[in-house]
Amino acid sequence: MDISASLKRSVIASSLLALFSAPLFADDQNNTVAQTNNNKTTKQDDTITVYSKTYRNTATKTTLEPEETPQGLTVIDNEQLQQREVQSLNQALRYTPGVTTETKGADVTLMDNYRVRGFEVSKSYYDGLVLPYLTGWNLQTQIDPIAIQQIEVFKGPTSVLYGAMNPGGMVNMIAKSPQMDQATTVDVGTGSRNLMKASIDTTGQIGDSNLSYRFIGLARKQDSQVNDAQNERYVVAPSLNWQVSDKTLLNFNVYYQNDPQMGINSALPASGTVTSNPNGSTSPSTFAGDVNWNSLKRDFLMVGYKIDHDFNDSWSFLQNARYTNGSFHQKNTYSTSFNNDGTLVRNIYSTDEKLNAFAIDNQLSGKVETGEWQHNLLLGVDYQELSGSSNYKEYDTSGISGWSSFNIFNPDNNLITNPSSLSVTYNQDVDIDMDQVGFYFQDQAKLDRLILLAGGRFDSYKSNTDKTTTSVTSSSIDQNNFSYRVGALYTFDNGIAPYASYATGFEPTTSQDSDGNSYKPETSEQVEVGVKYQAPDMSKSASISLFHIEKNDAIIANPDNYTDPALQVGQITSKGVELQGKWFITPSLDIAPSYTYTDMQISKDPVYNLQGTTPVYVPTHAASIWANYYLYNGALTGTRVSAGTRYVGTMEMDATNTQGKVPAYTITDLSVGYDLSELSHSLAGASANFLVNNLFNQENYTCFNNTNCWYGEERSIELHVKYEM
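Residues numbered from 1 in each chain as written. Predicted model: local features only at pLDDT ≥ 70, side-chain atom pairs only at ≥ 80, totals over all residues. Heavy atoms only, no water.

Chemist: Kindly report on the state of the cysteines, identifying the contributing residues and their values.
Modeler: Put plainly, two cysteines are in a disulfide when a covalent bond ties their sulfur atoms together. Taken as a whole and judged by the stated rule, the model has 1 disulfide. With a sulfur-sulfur separation of 2.1 Å, cysteine 703 is cross-linked through a disulfide to cysteine 709. Linking cysteine 703 and cysteine 709, the disulfide has an S-S dihedral of approximately 110° and is accordingly described as right-handed. For the pair shown, cysteine 703 and cysteine 709 are each scored as buried. (Disulfide = S-S within 2.5 Å. Buried < 20%, exposed > 50% of the residue type's maximum accessible area, 1.4 Å probe, protein only.)

Chemist: Hey, could you go over unusual backbone geometry for me, with residue numbers and the actual values?
Modeler: The backbone of lysine 61 sits at a positive phi, close to 55°, despite the residue not being glycine. Secondary-structure assignment places lysine 61 in the loop between strand E2 (40-41) and strand E3 (73-76). Here lysine 61 falls in the buried class, since its relative accessible area comes to 4%. The phi dihedral of arginine 193 is positive, around 55°, even though this residue is not glycine. (Helix = DSSP H or I, 4+ residues; strand = E, 2+ residues; numbered from the N terminus.)

Chemist: How would you sum up the pattern of salt bridges? Please name residues and give values.
Modeler: When charged atoms on two side chains of opposite charge get close, those side chains can pair. Summed over all chains, the structure comprises 26 salt bridges. The salt bridge partner of lysine 155 is glutamate 578, with a shortest N-O separation of 3.1 Å. Pair noted here: lysine 155 is in strand E9 (residues 148-155) and glutamate 578 is in strand E29 (residues 571-584), with a separation of 423 residues, a long-range link. We classify glutamate 578 as buried; its relative accessible area is 4%. The residue glutamate 652 makes a salt bridge to lysine 661 at a minimum N-O spacing of 2.7 Å. Glutamate 652 gets classed as buried once you look at its relative accessible area, which sits at 10%. One connected set of salt bridges, linked through shared partners, spans Lys61, Asp361, Asp382, Arg457 and Asp459. (Salt bridge = Lys/Arg side-chain N within 4 Å of Asp/Glu carboxyl O.)

Chemist: How would you sum up the packing of aromatic side chains? Please name residues and give values.
Modeler: With the rule as written, the count across this model stands at 15 aromatic pairs. Relative to phenylalanine 409, the ring of phenylalanine 338 lies with its centre 6.3 Å away and its plane at 80°, an arrangement referred to as edge-to-face. You can see phenylalanine 338 sitting in strand E17 (residues 315-338) and its partner phenylalanine 409 sitting in the loop between strand E20 (406-407) and strand E21 (424-447), a full 71 residues away along the chain. The pair phenylalanine 338 / phenylalanine 409 is uniform in exposure class, with both members buried. Relative to tyrosine 484, the ring of phenylalanine 482 has its centre 6.3 Å away and its plane inclined at 20°; by these criteria the two rings are stacked. Judged by relative accessible area, tyrosine 484 falls into the partly exposed class, the value being 34%. Taken together through their ring pairs, the aromatic side chains of Trp137, Tyr334, Tyr349, Tyr392 and Tyr426 make up a single cluster. Sitting over the ring of tryptophan 626, arginine 84 keeps its end group 6.0 Å from the ring centre. When the ring centre of phenylalanine 406 is taken as reference, the NZ or CZ atom of arginine 346 above it lies at 3.6 Å. (Phe/Tyr/Trp six-rings, centres within 6.5 Å; stacked < 30°, edge-to-face > 60°. Lys NZ or Arg CZ within 6 Å of the ring centre and 35° of its normal.)

Chemist: Help me get a handle on the pairing of strand E30 (residues 589-604), residues and values and all.
Modeler: As judged from the 12 bridges shared by E29 and E30, these two strands associate in the antiparallel manner. Residue pairing for E30: tryptophan 583 is matched across the bridge by isoleucine 591. Between E29 and E30, which pair antiparallel in sequence order, lie 4 residues. (Pairing = 2+ DSSP bridges.)

Chemist: Could you give me a rundown of the sheet that holds strand E7 (residues 125-126), with the residues and numbers involved?
Modeler: Taken together, the 5 strands give an open sheet; going across it, the order is E3-E9-E10-E7-E8, and neighbouring strands pair in mixed fashion. Each of the sheet's edge strands pairs with one partner strand only, and the pair in question is E3 and strand E8 (129-130). Relative to E9, E3 runs antiparallel, the two sharing 4 bridges. Looking at the pairing, leucine 73 lines up with phenylalanine 154 of E9.

Chemist: Can you lay out the side chain of lysine 176 for me, pointing to particular residues and giving the numbers?
Modeler: Relative to the elements of secondary structure, lysine 176 occurs in the loop between strand E10 (169-175) and strand E11 (183-191). We classify lysine 176 as buried; its relative accessible area is 14%. Among the polar contacts listed, one links the side chain of lysine 176 to the side chain of aspartate 201, at a separation of 3.1 Å. Residues in contact with lysine 176, not counting those within four places in the same chain, are Asn78, Ile146, Ala147, Ile148, Gln149, Asp201, Arg214 and Ile216. (Polar contact = N/O pair within 3.5 Å; in protein donor to acceptor, adjacent residues only side chain to side chain. Contact = heavy atoms within 4.5 Å.)

Chemist: Describe the sheet that holds strand E4 (residues 99-101), naming the residues involved and giving the relevant values.
Modeler: In a beta sheet, neighbouring strands are held together by backbone hydrogen bonds and run either parallel or antiparallel to one another. Strand order across the open sheet formed by 3 strands is E4-E5-E6, with antiparallel pairing between neighbours. On the outer flanks of this sheet lie E4 and strand E6 (119-121), each paired with one strand and no other. Across this sheet, the average inter-strand angle for adjacent strands is 30°, counted without regard to direction. Note: E4 against strand E5 (residues 114-116), 3 bridges, orientation antiparallel. Along E5, the bridge assignment pairs threonine 100 with arginine 115. (Axes fitted to C-alpha atoms, helices over the stretch in contact; angles between N-to-C directions.)

Chemist: Give a description of the environment of valine 236 that names residues and reports values.
Modeler: With respect to the element layout, valine 236 can be found in strand E14 (residues 230-243). Sequence separation of valine 236 and threonine 158 is 78 residues, and the distance between their C-alpha atoms is 31 Å. Contacts of valine 236, omitting those with residues within four sequence positions, involve Phe215, Ile216, Val254, Tyr255 and Tyr256.

Chemist: A description of a nonpolar patch on the surface should follow, citing residues and the corresponding values.
Modeler: Among the surface-exposed residues, Val186, Val188, Ile200, Phe215, Val236, Tyr256, Phe690, Ile717, Leu719, Val721, Tyr723 and Met725 lie close enough to one another that they form a single nonpolar patch of about 930 Å² accessible area. At 4 residues, strand E39 (residues 716-724) tops the list of elements feeding residues into the nonpolar patch. Mapped onto the secondary structure, leucine 719 falls in strand E39. (Patch = residues over 30% accessible without salt bridge, like charges linked within 9 Å, V, L, I, M, F, W, Y side chains within 5 Å. Areas by Shrake-Rupley, 256 points an atom, 1.4 Å probe, with all protein chains shown as cover.)

Chemist: Go over the side chain of glutamate 522 with me, naming the residues and quoting the values.
Modeler: With respect to the helices and strands, the residue glutamate 522 is situated in strand E25 (residues 522-534). Judged by its relative accessible area of 7%, glutamate 522 is buried. Here lysine 551 takes part through its side chain, which lies 3.3 Å from a polar atom of the side chain of glutamate 522. Setting aside its immediate chain neighbours within four residues, glutamate 522 contacts Gly505, Phe506, Glu507, Thr509, Lys551, Asn552, Asp553, Ala554 and Ile555.

Chemist: Could you give an account of the pairing of E21, with specific residues and numbers?
Modeler: Sheet topology note: the strand E19 (residues 373-395)/E21 ladder contains 22 bridges and is antiparallel. Bridge pairing in E21 links glycine 388 to isoleucine 432. Strand direction decides the pairing type here: E21 and strand E22 (residues 450-468), joined by 19 bridges, are antiparallel. Looking across to E22, one finds that aspartate 435 is bridged to lysine 462. Hairpin connection of E21 to E22: 2 residues between the antiparallel strands, including aspartate 448 at a positive phi of 55°.

Chemist: Lay out the confidence of the model for the chain in plain terms, naming residues and giving numbers.
Modeler: Scored by pLDDT, the chain has a mean of 90; 91% of the residues are at 70 or more. Note that residues 1-49 has pLDDT below 50 and, in this model, 116 contacts with residues that lie over four places away or in other chains. (pLDDT = per-residue confidence, 0-100.)

Chemist: Summarise the environment of threonine 707; cite the residues concerned and give the values.
Modeler: Relative to the helices and strands, threonine 707 is located in the loop between strand E37 (701-705) and strand E38 (708-711). Looking at threonine 707, the relative accessible area reads 28%, which means it is partly exposed. In this structure the C-alpha to C-alpha distance between threonine 707 and threonine 54, which are 653 residues apart in sequence, comes to 47 Å. Contact partners of threonine 707, with chain neighbours within four places excluded, come to Ala267, Leu268, Pro269 and Ser335. Within the local environment of threonine 707, its side chain forms a polar contact with the side chain of asparagine 705, the two groups lying 3.0 Å apart. At 3.1 Å, the side chain of threonine 707 forms a polar contact with the side chain of asparagine 708.

Chemist: Describe the environment of tyrosine 126, naming the residues involved and giving the relevant values.
Modeler: In this fold, tyrosine 126 is placed in strand E7. With relative accessibility at 9%, the residue tyrosine 126 sits in the buried group. Expressed as a C-alpha distance, the spacing of tyrosine 126 and threonine 58, which sit 68 residues apart in the sequence, is 10 Å. The contact partners of tyrosine 126, leaving out residues within four places of it in the chain, are Leu131, Ile143, Ala147, Asn172, Met173, Ala175, Tyr255, Met302 and Arg322.

Have a look at this one:
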């Protein structure tokens, strides 16, 4: 870890804190929202609170209710995460409207591959701060769900609060936080493909002090569904709250993750996978690489703090900061061509990647009344920087017998018998430096049932990339942008709340064309109208959103070869409808349906002839439903039966829309929970959860083009036993 860099960052943090040291900050609000049915509280955790005092909702960066935001929002709570025993953010997003997840199938797990409203999301957020990603490479920090309390998916451009961001939306994972009430959960699990899992989550007050702690630990190992590959992970995440005074809370948090094995990072051809081939076929277990040259390893450390201070009943201040250090090592293969007889021509390569990153966000919020209007004001400045490097090598394969005639329909994955003898044919070193500073403001004004929202932000983004092969080539980017949004929402007595909003977005571009020229920044705008509904007894909630997004100077991967320089087309338009709801039909039964219609096209392209085409990974139709049924009486008292079905419509095989379609699929998942104390009082606190993903083993795929396709998850079975004390 770079100590001098850390000292430098501490000076920045202190300076920014001093900037905001004035009478500021907002009233505490009760953020625990209980869902009720006929005045009966539904399944709530008696000891673990969803929100900590430092919580700010993703939509407004305030403690105001997310439902009061005139823009689409989906919240995935901890109960849903536990019922489905999700192992990644990709899995957690499966039932979220407007999101296409696992775009590289089930086995490529080293990155969070998903899209929101059709647009690729390369960066997720954890507790309001961006998770670093080494742009253009493979090193991405991922948070395991064991450390997540809930996930908030904010739809549409969010640059007004977060700066550089795609226009489809963002995902913010809310971290579990220390609680004063003592609670400990131990979880062990087993299942398909030799799954072994053990975790602990413990929290509570330290003695009679004003300190509370949380400690989270996880160890998990499982074979990939691809032959000769495994996934292995270890997580340690301690945190500490210090209630310095009635007005000041200080939080320290650490997250360390080690992934010694991360499955695969290779693809299969469409022929014999998605489409039939008379010469043979692949299966979900087919491996296109080599067992002696398949190494994916990653580890990273995040150290952060939060300062939350109430100056009086109207003003408060929050500072949120985090330092990240990470590394990634890869030995892998990629295919260069495919013949219909099954011959796959491959290359061997390796990457060694590192990054150091720092992010800090300062938020000043307060309440001001002008006449009958109540204004909830937010002023902020945030800063982030990243420095990273990657060493990329390719190797001579001429001496490996059978390498150039590798048959994917009858693969021999043990051809590299002496890896140390391989000679390097190409060597590239890349150094990346980036920093971004943003200044933002927001006013949420209320008059009786009318809510008006307006905000703006100025961003300055700079980056520099040095590439060294036989010589050094450099490229620098210095881009500025002002983003804003306006919106209105009105709540009627019956719980219906129509809304409308307009928002703009900004994405700096680090890509270059084939001549080495930097592209223009991408900008976007969205018009959204919709209706939200919350029943007076809280038993039903629903929303419908109609959106129209235009992204200008959009950059897409080269449809001929995704390793070639990207293309900057004129404009991409995404428009559609999202519906979602939750209905507590009886005290025992609740359902959560959703539906998404997306019409996405390249609407302007004067250069590359792609106008009128639909990008990959964008289904026109998608739908899902999840249901829970609780048994309170009879022989099966203490049982919960949950099931869900998700439908993903057809998607384009490639960006030119000339290679056919990826077929639609429908997958059903099952989760059955049981309170073991119903068997014996001695088992009080113990429960079991039996899970089947893809119950009917429906084969499904995703594709970038006809030489790069991936299988989705096949059927898997898991059993988890938890003990809470």
